Each structure stands twice: as structure tokens, then as C-alpha cells.
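Okay, here's what each chain looks like letter by letter:
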Amino acid sequence: MSAVARHFDVKDASLYAHVRSLHDLRSGVAVLSLAELADQVSAALAGRAGRDALVAFANAYRSYALNYPGRYASTQMILEPDVAEQSAARRHADMTRAILRGYALREPDETDAVRLLHATFHGYVLLERGGAFSHGTRSTTASWDSALNALHFTLGHWPSSRNQLSTE
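Overview of the structure. Everything quoted here is computed from the prediction, not taken from an experiment. (Residues numbered from 1 in each chain as written. Predicted model: local features only at pLDDT ≥ 70, side-chain atom pairs only at ≥ 80, totals over all residues. Heavy atoms only, no water.)

The next point concerns the side chain of Ser 27. Relative to the assigned elements, Ser 27 resides in helix 3 (residues 22-45). In contact with Ser 27, other than residues within four places in its own chain, are Met 77 and Leu 79. (Helix = DSSP H or I, 4+ residues; strand = E, 2+ residues; numbered from the N terminus. Contact = heavy atoms within 4.5 Å.)

Here the focus is the nonpolar core. Residues Leu 54, Phe 57, Phe 121 and Leu 155 are the most contacted members of the largest nonpolar core, which totals 35 residues. Put simply, the parts of the chain that give this core at least two residues each are helix 3, helix 4 (50-67), helix 7 (89-101), helix 8 (109-129) and helix 9 (140-156). When residues in this core are grouped by element, the largest group, 10 residues, is from helix 4. Excluding anything up to four places from it in sequence, Leu 54 contacts Ile 99, Tyr 103, Leu 117, Phe 121, Leu 148, Leu 151, His 152 and Leu 155. (Core = buried A, V, L, I, M, F, W, Y, C linked by side-chain atoms within 4.5 Å. Buried < 20%, exposed > 50% of the residue type's maximum accessible area, 1.4 Å probe, protein only.)

What follows covers the pattern of salt bridges. Taken as a whole, this structure holds five salt bridges when the rule is applied. Of the charged contacts in the structure, one is a salt bridge between Glu 36 and Arg 71, with a shortest N-O distance of 3.0 Å. Pair noted here: Glu 36 is in helix 3 and Arg 71 is in helix 5 (residues 69-74), with a separation of 35 residues, a long-range link. Each member of the salt-bridge network shares a partner with another, and the members are Arg 97, Glu 107 and Glu 110. (Salt bridge = Lys/Arg side-chain N within 4 Å of Asp/Glu carboxyl O.)

Next up on the list: the packing of helix 3 against helix 7. Close contact between helix 3 and helix 7 brings their axes to 9 Å; oriented N to C, the two are set at 30°. In this view, helix 3 runs roughly parallel relative to helix 7, as classed from their interaxial angle. Note on packing geometry: the crossing formed by helix 3 with helix 7 is left-handed. For the pair helix 3 and helix 7, contact is made by Leu 34, Leu 37, Ala 38, Asp 39, Val 41, Ser 42 and Leu 45 and by Ala 89, Arg 91, His 92, Met 95 and Ile 99, respectively. (Axes fitted to C-alpha atoms, helices over the stretch in contact; angles between N-to-C directions. Parallel < 35°, antiparallel > 145°, perpendicular 65-115°, else oblique. Left-handed = near helix turned anticlockwise from the far one by under 90°.)

Read these as spatial facts, not as claims about activity.
Given below as C-alpha cells:
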């Protein structure tokens, strides 16, 4: 909090008049960032369905993560239940599930697919931002497009949960 106060050239005590704690400040940034991300994804999804919706969602997600790395990182923060309920997290989750309606997945497969999408998008942008793909000659965008094609295929050929191997 002292660093934030110094950045804005105010006394620590003045900052605490507006923000109770560092945790509250981080939660506020996360809520703002979730709203920004949801707005960008929503705008990208407008009028799209199926593969086009998947690609639009993924590209908006990736663009936000690459253009605003600090804000994107805050979207991964686990929020207190009451804060999460009032944030755009639900809206973001609803948009993710809306994309999956085009693939006709039912529970528990839909939840598994939501987790696959998040893991793929999040993992890819973290690796990309960290320079993990800089060693090759193929562009990261070309590989991203291939990953989205693979996701589209996978979602369209999802194995029924009753036919899956048990890992428990």
C-alpha cells in the first residue's frame, strides 16, 4: 500500500481513507479487469455462433491478456464469494457456456469443456507472454489458430462422460 501511495503522491493514511487494505485494492482491480474482459469478449461474440464464436471469444481473451498483462493476471484472483457474485465473473462464465451450446454438450461434459477452454487459453497466453514460443520459426498466431482448430474439433467430437476412463 505504501508503494501505491507513493505512486499517487499521497500519504498512506490518505489512501486508507479510500481503500481498506491491499487485499481490497487487489479485489477492486480484479473486478474492474473482469468487467473489461467480459465487455471485450461480449463485443467480439455479438452475432456469432459455433466455431466463429469460439474463435472470437478466444481472440478477445488472448488480446486482453497480451495487451493488459497486469490486469489479466488480476482476473485469475480468487475473490471472496460476495465480491465474485457482484463481479463480471458470472457473465464471463455464462458467455463461455453460451459458446458451448453450439456443441450440444451436457453436464458434466460442459463443465469439463469450460475447464479445457480456460486451461488452453490461460496456459497459451502465459507461455506466449513468457517467451516460451520464441525459439521456433512458426508464428505464435499460426500456432494459436491451430490450437483453436483443435479445440473446435475436440468440442465437436467430445467423448460422452459415461465412456471416459476413470482417473479416480
